[in-house]
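Residue-level listing of the chains:
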Amino acid sequence: MLSAQERAQVAQVWDLIAGHEAPFGAELLLRLFTVYPSTKTYFKHLGDRPDEVQLLSHGQRVLQAVGVAVRHMDNLRAALSPLADLHAHVLRVDPTNFPLLIQCFQVVLASHLQGEFTVEMQVVWDKFLTGLAVVLTEKYR
Amino acid sequence: MVHLTGEEKSAVAALWGKVNVEEVGGEALGRLLVVYPWTQRFFESFGDLSTADAVMKNPNVKKHGKKVLASFGEGLKHLDDLKGTFAALSELHCDKLHVDPENFRLLGNVLVVVLARHFGKEFTPELQSAYQKVVAGVATALAHKYH
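Rules behind the numbers
Residues numbered from 1 in each chain as written. Chains lettered and ligands numbered in written order. Predicted model: local features only at pLDDT ≥ 70, side-chain atom pairs only at ≥ 80, totals over all residues. Heavy atoms only, no water. Helix = DSSP H or I, 4+ residues; strand = E, 2+ residues; numbered from the N terminus. Rg over C-alpha atoms; globule rule 2.2 N^0.38 Å. Buried < 20%, exposed > 50% of the residue type's maximum accessible area, 1.4 Å probe, protein only. Contact = heavy atoms within 4.5 Å. Patch = residues over 30% accessible without salt bridge, like charges linked within 9 Å, V, L, I, M, F, W, Y side chains within 5 Å. Areas by Shrake-Rupley, 256 points an atom, 1.4 Å probe, with all protein chains shown as cover. Salt bridge = Lys/Arg side-chain N within 4 Å of Asp/Glu carboxyl O. Axes fitted to C-alpha atoms, helices over the stretch in contact; angles between N-to-C directions. Parallel < 35°, antiparallel > 145°, perpendicular 65-115°, else oblique. Left-handed = near helix turned anticlockwise from the far one by under 90°. Nonpolar A, V, L, I, M, F, W, Y, C, P; charged D, E, K, R; others polar. UniProt positions renumbered as here; feature names shortened; annotations may be inferred. Expected span 1.5 Å × (residues − 1). Phe/Tyr/Trp six-rings, centres within 6.5 Å; stacked < 30°, edge-to-face > 60°.

Before going further, it helps to examine the overall build of chain B. Across its full length, chain B carries eight helices and zero strands. Taking 15 Å as the expected radius of gyration for a compact globule of 147 residues, we find that chain B reaches 15 Å, a close match to that expectation. In terms of principal-axis extent, the alpha carbons of chain B reach across some 45 × 40 × 20 Å. When each of the 147 residues of chain B is scored for burial, the buried share is 50%. Within chain B, counting contacts between residues at least 6 apart in sequence, those at least 24 apart form 73% of the total.

Here we come to a nonpolar patch on the surface. Side chains of Leu86(A), Val90(A) and Leu91(A) sit close together on the surface and give an oily, nonpolar patch of about 240 Å² of accessible area. Tracing the sequence through the fold places Val90(A) in helix H5 (residues 81-91).

Moving on, we come to the packing of helix H1 (residues 4-17) of chain A against helix H3 (residues 52-71) of chain A. Residue and element names in this part refer to chain A. In the contact formed by H1 and H3, the axes pass within 11 Å of each other and the chain directions differ by 150°. In terms of orientation, H1 and H3 fall into the roughly antiparallel class. Crossing of H1 over H3 shows left-handed handedness. For the pair H1 and H3, the contacting residues are Val10, Ala11, Trp14 and Ile17 in the first and Leu63, Val66, Gly67 and Val70 in the second. The residue inventory of the contact of H1 with H3, partitioned by class, reads seven nonpolar, one polar and no charged.

So, about the UniProt feature "domain: Globin" (unreviewed entry) in chain B. Feature annotation in UniProt assigns "domain: Globin" (unreviewed entry) to the following positions: residues 3-147 of chain B. The distance from the first to the last C-alpha atom of residues 3-147 of chain B is 26 Å, and the span holds 70% helix and 0% strand.

Let us look at H3(A). An α-helix turns once per 3.6 residues; consequently, residues spaced three or four apart project the same way. Residues and elements named next belong to chain A. The terminal C-alpha atoms of H3, which comprises 20 residues, lie 28 Å apart, in line with the 28 Å expected from a rise of 1.5 Å per residue. Taken together, the buried positions of H3 are Leu55, His58, Gly59, Leu63, Val66, Gly67, Ala69 and Val70. Buried residues in H3 make contact with H1, helix H2 (21-35), helix H4 (76-79), helix H6 (98-113) and helix H7 (119-137).

Bringing the packing of aromatic side chains into the picture now. All names here are of chain A. Using the criterion set out here, one finds eleven aromatic pairs over all chains in the structure. When the centroid spacing of 5.3 Å and the interplanar angle of 15° are considered together, the rings of Phe105 and Trp125 count as stacked. In this pair, Phe105 is assigned in helix H6 and Trp125 in helix H7, connecting sequence segments 20 residues apart. Like Trp125, Phe105 is buried. Between Trp125 and Phe128 the ring centres are 5.1 Å apart and the planes differ by 80°, which places this aromatic pair in the edge-to-face class. Taken together, the positions of Trp125 and Phe128, both in helix H7 and three residues apart, correspond to about one turn of that helix. Classification of Trp125 by relative accessible area gives buried; the value is 0%. Clustering of aromatic rings is evident, with ring pairs tying together Phe24, Phe105, Trp125 and Phe128.

Here you go:
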């Protein structure tokens, strides 16, 4: 699905995030909950107003999973199989929520990278994250 | 009808005051055409859209992007009556241009990303939230006269 050049571009952007999974993930979740409050229904265990510690912890987990995906772009289904099972049988996040998370991901990337956030990065990451969401929801039924 | 608090309305207006409509409009439309290339279906007369670089530098894209964003800016002055403000444009997009309203949502999202790119940390989650409500409202208003 992703060409060799696109995979290289995904990895190039990931290099800018790697090592900063926690703060990046925390901001991602904060934006998600602020902009799309209905997404909080999936995070009742974090309380109505998750604090920084919780956001950093959970955000790191989400971003580390993205990192796994980046390292296994040629074998996403196998690499993400346990997460796909989790989302299908336990979390059951409605698939319409993934584009909301992706939008927030792009906003975090754009606001941090600014001048460096090229249109090529935006299209490649949109394609990559959308593919990720497909894999995570594939076992739903 | 967009439900923004007084504070959100001020923040939206304050940020918009700093936006270079020509630059941001061209960039938003350009990024739409590259990130979601099927949207190019409406712009076949625009010339070279064959590469990301060609799209972003295309003078027709820049010109049209400026026009679209100027119209959006007008809408910001009438947040309490977006449907009225965009009624004529809604009819145009349905009857003459035949644009699927989903494209308004896509462009709105791209615009938010472009604003984030330009304003960096200043584009807080609260400001993003306000702008996402605005772009959703404009998209709904533009779809309102469809039949």
